[in-house]
Each structure stands twice: as structure tokens, then as C-alpha cells.
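Now for the letters of each chain:
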Amino acid sequence: MATIESFRKLLKYLIVYSKVPGVEMWTAPGKFKPLYIKFFVGHSKSKEVIVFSNKIEQEVFEQNKNRTAGETVLLKQTGYILWFFFRFVTTLATIVVLAFGLYPLFAYNVNGVVMPLFLYELPYYDWSTTIGYVVNMMFQVNLLVIGTIGAMLFDFLYFMYAMYTMVKADIFIIHLGELEKMLNDPLTMKKNQSSVREKWVQCMFEHQQTTNFLNSIEDIFGLMCLAQVSMGVFTICDAMLLVALTDWYPTYSFLLVMFIELSLYFLIGHLIELKIDAMYNKIISMPWFKLPVKEQKEFRFLMSRQQCPMMLTAYGFHPMNFEAYMSVLKGLYQFFVMVMQYVG
């Protein structure tokens, strides 16, 4: 799981998923942009996605071939988490598709009426007629499949790239810890200052790469986070109304999925913020005064860069962290109270 083949295998699955709706970004980018908000936003950053995928291969795997035991364990754990989450997303998507797909059969067996997948119909195609029902079902099945694949593709892509960004930050923290041990060893400082310089240069280089990773993930997913939060809140509110006013049982599974999806976006943003804080705490706790004079001057540049805000945001409108998530939950709760008062 700690090999580059594991990462490439995950990419192969994503490539297959992206081919179905026509938003393939890796081997044939720029072919088609469908008018789905998440697809349009995600595919608009197709070039950046390719560049970031290459960065992960080169700077996480190939650049650290002679990795330490700690780095190997870190990459293995990340691989296990990604594969577990990939299977979880696949299973959850399958359950949702079945929940929606079985609704017409359930409605026919219980009430004896023919119903479409969703509680709406296309204009000029009344689903009470045979032709209208077939046309509506074809459109709704297409919408269900495309929407499910979109969730599996872009949500997992967001999770995977965020995980490898945090791995890059952890590698920097590991190397900085190795430098700290060297600085606290008087024998190393006295007889082998060249190794101290080499480790310091490595730490500076890793910090620069980690910063580039953080900037890249903000550039790629900032607008997508904004679209996810805005449309996710609207969809959850719509699902609450359907729960309160109808007996359409797929709404419950849809509401659960949308709530999990919205929570995931904020959770990842919050974890990235915690990782940035961990980087800062590791830097300020380092015995920088034991560095040679030249490295002490360079350390000021490291501190200056670390103090600049680095976090995942919804396209700059608000940070994707726990505080913002609680604000969204508060708004959803107030809307739920209003709905219940209206229904009551």
C-alpha cells in the first residue's frame, strides 16, 4: 500500500469513473464539460489536477525512495485509509442507487400506482402516459447515474489529494524532528556540521513543497468547496421539506448522503488546518538558536512563510474548518425548526 502502484491503481478507478460522464481529466482532458455544477467546476481545473497528480508521484513517492521507517509507516497508513474510504464511498453510492432505483417498484407494490424515480417530470412529457413515463425514466436514471458517479469521482479526488497533502506535511515534520535530534546532540554539532546543513536544506525544501501542495489544493478545490457548501445546504433544506411534506422514502437516504458529503468537506478542511498548526508548533519548538548563524538567518524566512495564512477555504469566502461547519449546522437547525413549525 505504500508504493506508487497503489496510488496509480486509485487513479485508474477515477479515470474509469470520469469517462462515463465525459469529464476525463488525465489521459484525454478537455473533451467535454457537462452542465452539472460539480462537473463543470471540477473539470475547469483539469490541467491543475494532472499537474498535482504528477506532483504526488514525484514528490511523495519517487523523491522519497530511500525513506525512513516512519515515512514508510505513514505512507502505508495513508494507503489503507484511502482504500477503505474508496470502498466506503463505492458501497454508500451503491446503496443510494438501489434505494432510489427500487422506489417505483415499492410504490407499485404498496399503492398500486406507477411512479418515476424522482417526484418531478420533464416539461411536455407527462409520466402518466407510456411514452412520457419512458422518457422521464430514461432522463432520471441518467441523472441518478451521473450524480452518483460525480460524488464518487470528485469527492474521493478531494479526499485523496487532501490526504497526500497532509502526508507531505507529516514528512516535513518527521525531517524537522530528525534535525532537532541532531541539534541536541553536541557530538554531531561539533564533528559533522555538514550533515546538519544537509538536513536543514532538506527541511527547507520539504517546507517549500508542502506549501506548494497546500496552495495547489486550495486552487483546485476552493471553488468546488464553495459549490459543494452552497448547493449542499440548499439540497439538505430541500430534503427536509420533502421529509416533512411527503412520504417519499428515498428522501431519507438522500438526506443522509448529502449530510455526510457536506460534513466530509468541512472535516477535511479542519484536518488540514490542524496539520498546518502542527507544522507551526514543530517549527517554533525547534532549538533554532543551536543552528549555525547562516541557518539562523534562513530560519527567519521559514517562520515568516509559516505565519502567512495557509488553509482550505470556500473560494476565499470562509474557511473550511470546524467553526464554519458549526455555523452551517446552526443555520440548518434553524431552518428545520421553521419547517416543523410550518408543518405543525
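The following paragraphs examine the structure supplied in this document.

1. What about the pattern of salt bridges?
Throughout the structure, instances matching the rule amount to 9 salt bridges. A salt bridge links Arg-197 to Glu-295; its shortest N-O distance comes to 2.7 Å. With Arg-197 in helix H8 (residues 193-245) and Glu-295 in helix H10 (residues 293-306), this residue pair connects regions lying 98 residues apart in the sequence. You can call Arg-197 partly exposed: its relative accessible area is 26%. Overlapping salt bridges, with partners in common, bring together Arg-8, Glu-57 and Glu-62 in one network.

2. Section: the packing of aromatic side chains
This model, assessed by the stated rule, comprises 27 aromatic pairs. Each ring, one from Phe-52 and one from Phe-213, has its centre 5.1 Å from the other, and the planes form 55 degrees; the classification is tilted. Remark: Phe-213 occurs in helix H8 and Phe-52 occurs in helix H3 (residues 46-62); sequence separation between them is 161 residues. By relative accessible area, which is 2% here, Phe-52 ends up buried. Assessed through its relative accessible area of 0%, Phe-213 is described here as buried. Here Tyr-103 and Trp-248 contribute two aromatic rings whose centre-to-centre distance is 6.0 Å and whose plane-to-plane angle is 80 degrees, an arrangement assigned as edge-to-face.

3. Description of the nonpolar core
Counting residues in hydrophobic clusters, the biggest one holds 70 residues, and the most contacted among them are Trp-26, Met-160 and Tyr-161. Among the elements that make up this core, the one with the highest residue count is helix H6 (residues 130-183) (17 residues). Once residues within four sequence positions are removed from consideration, Tyr-161 is found in contact with Leu-11, Trp-26, Val-49, Phe-52, Ser-53, Ile-56, Ile-217 and Phe-221.

4. Notes on the side chain of Glu-57
Relative to the elements of secondary structure, Glu-57 occurs in helix H3. Overall, the relative accessible area of 14% leaves Glu-57 in the buried class. If near-sequence neighbours (up to four positions away) are discounted, Glu-57 is found in contact with Ile-4, Phe-7, Arg-8, Leu-11 and Glu-62.

5. Let's talk about the side chain of Asn-321
Tracing the chain through its elements places Asn-321 in the loop between H10 and helix H11 (322-343). A relative accessible area of 7% places Asn-321 in the buried class. A polar side-chain atom of Asn-321 sits 3.0 Å from the main-chain amide nitrogen of Ala-324. Leaving out residues up to four positions away in the same chain, Asn-321 has contacts with Phe-266, His-270 and Glu-273.

6. Overview of the layout of surface pockets
If you add up the space inside the largest pocket, you get close to 1300 Å³. What lines the largest pocket is a set of 39 residues, and nearest its centre among them are Gly-147, Thr-235, Phe-254, Met-258 and Glu-261. Going through the elements one at a time, helix H2 (37-43), helix H4 (69-101), H6, H8 and helix H9 (250-284) are the ones with two or more residues in the lining of the largest pocket. Across the lining of the largest pocket, the residue classes tally to 29 nonpolar, 6 polar and 4 charged.

7. Structural notes on the packing of helix H1 (residues 4-19) against H3
Put simply, H1 and H3 touch, their axes get as near as 10 Å, and they point 165 degrees apart. Between H1 and H3, the interaxial angle falls into the category roughly antiparallel. Considering how the two elements wind past one another, H1 and H3 form a crossing that is right-handed. Every residue of H3 that contacts H1 at Ile-4, Phe-7, Arg-8 and Leu-11 is listed here: Ser-53, Ile-56, Glu-57, Phe-61 and Glu-62. Among the residues making up the contact of H1 with H3, the classes are represented as 5 nonpolar, 1 polar and 3 charged.

So, how was this worked out
- Residues numbered from 1 in each chain as written.
- Predicted model: local features only at pLDDT ≥ 70, side-chain atom pairs only at ≥ 80, totals over all residues.
- Heavy atoms only, no water.
- Salt bridge = Lys/Arg side-chain N within 4 Å of Asp/Glu carboxyl O.
- Helix = DSSP H or I, 4+ residues; strand = E, 2+ residues; numbered from the N terminus.
- Buried < 20%, exposed > 50% of the residue type's maximum accessible area, 1.4 Å probe, protein only.
- Phe/Tyr/Trp six-rings, centres within 6.5 Å; stacked < 30°, edge-to-face > 60°.
- Core = buried A, V, L, I, M, F, W, Y, C linked by side-chain atoms within 4.5 Å.
- Contact = heavy atoms within 4.5 Å.
- Polar contact = N/O pair within 3.5 Å; in protein donor to acceptor, adjacent residues only side chain to side chain.
- 1 Å grid on protein atoms, 1.4 Å probe; cavity = no way out; pocket = protein on both sides within 12 Å on 5 of 7 lines; lining within 4 Å.
- Points joined across faces, edges and corners; volume = space filled by probe spheres on them.
- Nonpolar A, V, L, I, M, F, W, Y, C, P; charged D, E, K, R; others polar.
- Axes fitted to C-alpha atoms, helices over the stretch in contact; angles between N-to-C directions.
- Parallel < 35°, antiparallel > 145°, perpendicular 65-115°, else oblique.
- Left-handed = near helix turned anticlockwise from the far one by under 90°.

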